[in-house]
Amino acid sequence: DFLTNPIKVLFSIRQGDPLSMILYIIYIEPLLLMINKLTKGLFVSTLVQKDEDYCDDLNFLSEFESDLLIIERTFVRFEAVSGALLSRSSKSKVMGLGSWKQKLNWPLPWLQVKEELKIFGFQITPKYRQTIDRCWTTCFAGFHGVLMSWSSRQLDTLVQRVEVLRVFATSMLWYKASALPLPVKFAKKFESAMFRFLWTGKLEKLKLDEIKNPSLSGGLNLPCIITKADSLFLSQTCKLLAKPGNKQYNHVKYWLGLYVKEYFPDMAVGPHAEIISPYFSNMKDLLVAGIVLGDVNAKNLRKTTAKSLYTSFSSTFPPPKVVYKYEVDWDMVWMRLQSPMLESKQREVMFMIVHNIVPNRDRLCNKFHMVPDQNCT
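Residues numbered from 1 in each chain as written. Predicted model: local features only at pLDDT ≥ 70, side-chain atom pairs only at ≥ 80, totals over all residues. Heavy atoms only, no water.

Colleague: Quick question: what am I supposed to make of the overall build of the protein here?
Modeller: Within the protein, the regular secondary structure consists of 14 helices and eight strands. Taken against the 2.2 N^0.38 rule, which gives 21 Å for 377 residues, the C-alpha radius of gyration of the protein at 27 Å runs more than 25% over that of a compact globule. Principal-axis analysis of the C-alpha atoms gives the protein an extent of 90 × 55 × 50 Å. Counting across all 377 residues of the protein, residues that qualify as buried make up 38%. Counting only contacts in the protein whose residues sit at least 6 apart along the sequence, the fraction spanning at least 24 positions is 59%. For the protein, the accessible area works out to roughly 23,300 Å², and carbon and sulfur atoms hold 58% of it. (Helix = DSSP H or I, 4+ residues; strand = E, 2+ residues; numbered from the N terminus. Rg over C-alpha atoms; globule rule 2.2 N^0.38 Å. Buried < 20%, exposed > 50% of the residue type's maximum accessible area, 1.4 Å probe, protein only. Contact = heavy atoms within 4.5 Å. Areas by Shrake-Rupley, 256 points an atom, 1.4 Å probe, with all protein chains shown as cover.)

Have a look at this one:
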């Protein structure tokens with residue numbers, strides 16, 4: 001509510017300095033406000049979409065070519081005042097959507113025409129399905145590269161390999177999964193690569209579904225790709241719905257209001273889309289699933305977390321097969337497997353014995369024919 005004392009700029013602020021991002025946001029905000037004031041943007045019913053910005057990554061949508069000329073004039077004015085220069089080169093890109101999909105001629109000749117843009121880490125194309133494929137294909141390439149870099153290292157136990165998958169590999173997925181649906185075909189592709197990495201050099205294997213269980217339920221806490229992705233996407237949806245009136249909420253209300261008005265009556269007010277798009281159709285399905293499970297309702301949107309949703313969704317993981325073979329106190333068995341008295345390799349052997357996949361002599365002989373039969377002369 002007041003002006004600070006003047007700050008004398010005696011030296012430059014380096015990139016990465018804690019102050020640099022705050023100062024840049026203050027510096028760039030007048031430009032963004034002026035662009036927003038002068039341009040028309042893109043209309044979706046009564047909603048207007050213009051810019052989406054994060055620090056120096058500025059993105060603008062419009063259905064009027066004249067907006068490009070207005071932005072250019074505004075930049076020229078800003079350059080004269082601030083001394084900054086817009087990079088009118090490969091960094092300034094444009095892509096046409098809808099009827100402009102193949103458009104090559106734009107009012108500003110220095111704009112680089114692209115068939116794909118990378119925005120906030122997402123590969124965006126004119127077609128939704130193509131965008132989904134490009135984003136997750138790129139993500140899988142990085143995911144596979146991480147697994148390849150760790151494959152040459154000595155990892156003696158399954159626990160070590162699961163930890164690599166949790167910390168270094170699957171962590172690459174979660175940012176995109178929070179904003180973009182993960183198709184089942186890609187989830188299977190990720191899990192297939194995880195399976196090969198996890199069981200490298202092992203003769204007998206357990207299904208991934210068995211080791212997705214918590215350690216006190218006979219598993220190894222391996223993340224379930226599709227369940228974690230759905231949980232993140234749904235928790236992000238809940239965050240949007242928890243802020244009525246903002247731009248993101250209005251978009252969700254326009255597309256989903258008619259479909260979820262039974263659970264969220266306020267979303268039935270105002271105009272709505274007659275045909276739901278694939279993106280919001282996926283959002284609706286997950287939202288309804290969360291409501292049916294009892295994890296999501298209009299009163300607890302702010303408290304809904306990806307962790308709580310994952311716990312609820314993962315309750316459907318099947319228990320290990322060995323549970324059905326022997327009538328013992330399995331809770332006690334799983335607890336003892338986590339005993340701090342066991343070293344990592346001891347715990348590994350115990351885990352394989354309990355799950356009946358340890359490569360003992362009898363199994364090596366009769367099942368894999370890798371050692372001579374003790375009865376054979």
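Following the structure, the description resumes.
Colleague: What exactly am I supposed to notice about the nonpolar core here?
Modeller: Across soluble globular proteins, nonpolar side chains have a tendency to be buried as a group. Of all hydrophobic cores here, the largest spans 45 residues; its most connected members are Trp 136, Phe 143, Phe 190, Leu 198 and Ile 211. Where this core is concerned, the elements lending two or more residues are α3 (128-151), α4 (158-169), α5 (174-177), α6 (184-198), α7 (208-211), α8 (225-241), α12 (330-337) and α13 (344-354). Residue contacts for Ile 211: discarding those within four places in its chain leaves Leu 198, Trp 199, Leu 206, Gly 219, Leu 220, Asn 221, Leu 222 and Phe 351. Among the nonpolar cores identified, the runner-up in size contains 25 residues, and Cys 238, Val 260, Leu 286 and Leu 301 belong to it. (Core = buried A, V, L, I, M, F, W, Y, C linked by side-chain atoms within 4.5 Å.)

Colleague: Please explain the side chain of Thr 157 as it appears in this structure.
Modeller: By the secondary structure assignment, Thr 157 is in the loop between α3 and α4. Residue class for Thr 157 comes out buried when judged on its relative accessible area of 4%.

Colleague: Explanation requested: the environment of Phe 280 in the structure shown.
Modeller: Tracing the backbone through its elements, the reader meets Phe 280 in helix α10 (residues 278-293). The exposure class assigned to Phe 280 is buried, which follows from its relative accessible area of 13%. Taking the C-alpha atoms as reference points, Phe 280 and Val 252, separated by 28 residues in sequence, lie 7.7 Å from one another. Apart from residues no more than four positions distant in its own chain, Phe 280 is found in contact with His 251, Val 252, Trp 255 and Leu 256.

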